[in-house]
Amino acid sequence: MKTITPIALAFGLAAALPVGAAFAQDDALPAGFETSPVLKTTATRDGDAIAWPDGTPEIVSVVGTIEPGGRTPLHQHPVPVYVYVLEGEVELRTEGGDPQVYGTGEAYVEALNRDHQLFNVTDSDARVLVVFAGAQGQPTTVTSE
């Protein structure tokens, strides 16, 4: 039996596809698969440029639930943080900025190195997906005093 090496397989697949089709982002998606844009940005919600940390990249994600009247501690992030509201409504209060309300299906990138808190000012739970783009061995969140 003849064995096909991974390199030969890759070249064979590449040759079978139209030039550029395998990697073009604007091409049609396969049947049965749809996407809906959520967020594309080069800046935080406060307009600061996103800055990547030095070190070995590490992605950490958590789902947080904030009860009615609840809040996160006052804190800041030394790494880019993506927040997506899964359920409910939250109010983000950032040092030096106006409060901003985000509802189900909305997303933003947190301010870097700036104190902020997330509040639930509604009468039902709010759930958020938080994705940290950090570096191994480095903190993603620093609690403020």
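The rules we used
Residues numbered from 1 in each chain as written. Predicted model: local features only at pLDDT ≥ 70, side-chain atom pairs only at ≥ 80, totals over all residues. Heavy atoms only, no water. Helix = DSSP H or I, 4+ residues; strand = E, 2+ residues; numbered from the N terminus. Buried < 20%, exposed > 50% of the residue type's maximum accessible area, 1.4 Å probe, protein only. Contact = heavy atoms within 4.5 Å. Salt bridge = Lys/Arg side-chain N within 4 Å of Asp/Glu carboxyl O. pLDDT = per-residue confidence, 0-100. Pairing = 2+ DSSP bridges. Phe/Tyr/Trp six-rings, centres within 6.5 Å; stacked < 30°, edge-to-face > 60°. Axes fitted to C-alpha atoms, helices over the stretch in contact; angles between N-to-C directions.

Per an unreviewed UniProt entry, the protein chain goes by the name Cupin domain-containing protein and belongs to Billgrantia sulfidoxydans.

Right, let's talk about the overall build of the protein chain for a bit. What the protein chain contains, in helices and strands, is 1 helix and 9 strands. Helices and strands in the protein chain line up, N terminus first, as α-β-β-β-β-β-β-β-β-β. Put simply, the protein chain has 145 residues, and 27% of those count as buried. Counting contacts in the protein chain only where the partners sit at least 6 residues apart, residues at least 24 apart contribute 77% of the total.

The next subject is the pattern of salt bridges. Going through the model one piece at a time under the given rule, you end up with 5 salt bridges. Note that arginine 114 is salt-bridged to aspartate 46, the shortest N-O span being 3.2 Å. Of the two residues, arginine 114 is situated in the loop between β6 (107-109) and β7 (116-119) and aspartate 46 in the loop between α1 (6-16) and β1 (57-66); the sequence distance between them amounts to 68 residues. You can call arginine 114 partly exposed: its relative accessible area is 23%. Note that arginine 127 and glutamate 87 form a salt bridge whose closest N and O atoms lie 3.7 Å from each other. Of this pair, arginine 127 sits in strand β8 (residues 126-135) while glutamate 87 sits in strand β3 (residues 81-87); the two residues are 40 residues apart in sequence, bridging distant segments of the chain.

Counting all residues, the mean pLDDT for the protein chain is 85, and 81% of those residues have values of 70 or more. Note that residues 1-24 has pLDDT below 50 and, in this model, 4 contacts with residues that lie over four places away or in other chains.

Residues other than glycine seldom take positive phi values, yet asparagine 113 does so here, at roughly 55 degrees. Turning to its location among the elements, asparagine 113 is positioned in the loop between β6 and β7.

This part is about the side chain of glutamate 91. Mapped onto the elements of the fold, glutamate 91 is located in strand β4 (residues 89-94). With residues near it in sequence (within four places) discarded, glutamate 91 still touches Pro99, Gln100, Val101, Gln117, Leu118, Phe119 and Val121.

Let us now look at the pairing of strand β5 (residues 100-103). Judged from the 4 bridges that link them, β4 and β5 form a sheet pairing that is antiparallel. Residue pairing in the sheet places valine 90 in a bridge with tyrosine 102 of β5. Counting the residues between successive antiparallel strands, the hairpin from β4 to β5 contains 5 residues, one of them, glycine 96, with a positive phi of roughly 80 degrees.

Turning our attention to the packing of aromatic side chains. Inspection of the entire model under this criterion finds 1 aromatic pair. Centre to centre, the rings of tyrosine 102 and tyrosine 108 are 4.2 Å apart; their planes meet at 25 degrees, and the pair counts as stacked. On the basis of relative accessible area, tyrosine 108 is assigned to the buried category, the value being 2%.

Taking strand neighbours across the sheet as the criterion, the 4 strands line up as β1-β8-β3-β6 in an open arrangement whose pairing is antiparallel. Only two strands of the sheet have a single neighbouring strand rather than two, namely β1 and β6. Taken over all neighbouring pairs, the strand axes of this sheet differ in orientation by 20 degrees on average, direction set aside.

In this structure, glycine 64 sits in strand β1. Overall, the relative accessible area of 21% leaves glycine 64 in the partly exposed class. For the pair formed by glycine 64 and valine 85, sequence separation is 21 residues and the distance between their alpha carbons is 9.7 Å. In this structure glycine 64 touches Ala126, Arg127 and Val128, once residues within four positions along its chain are discounted.

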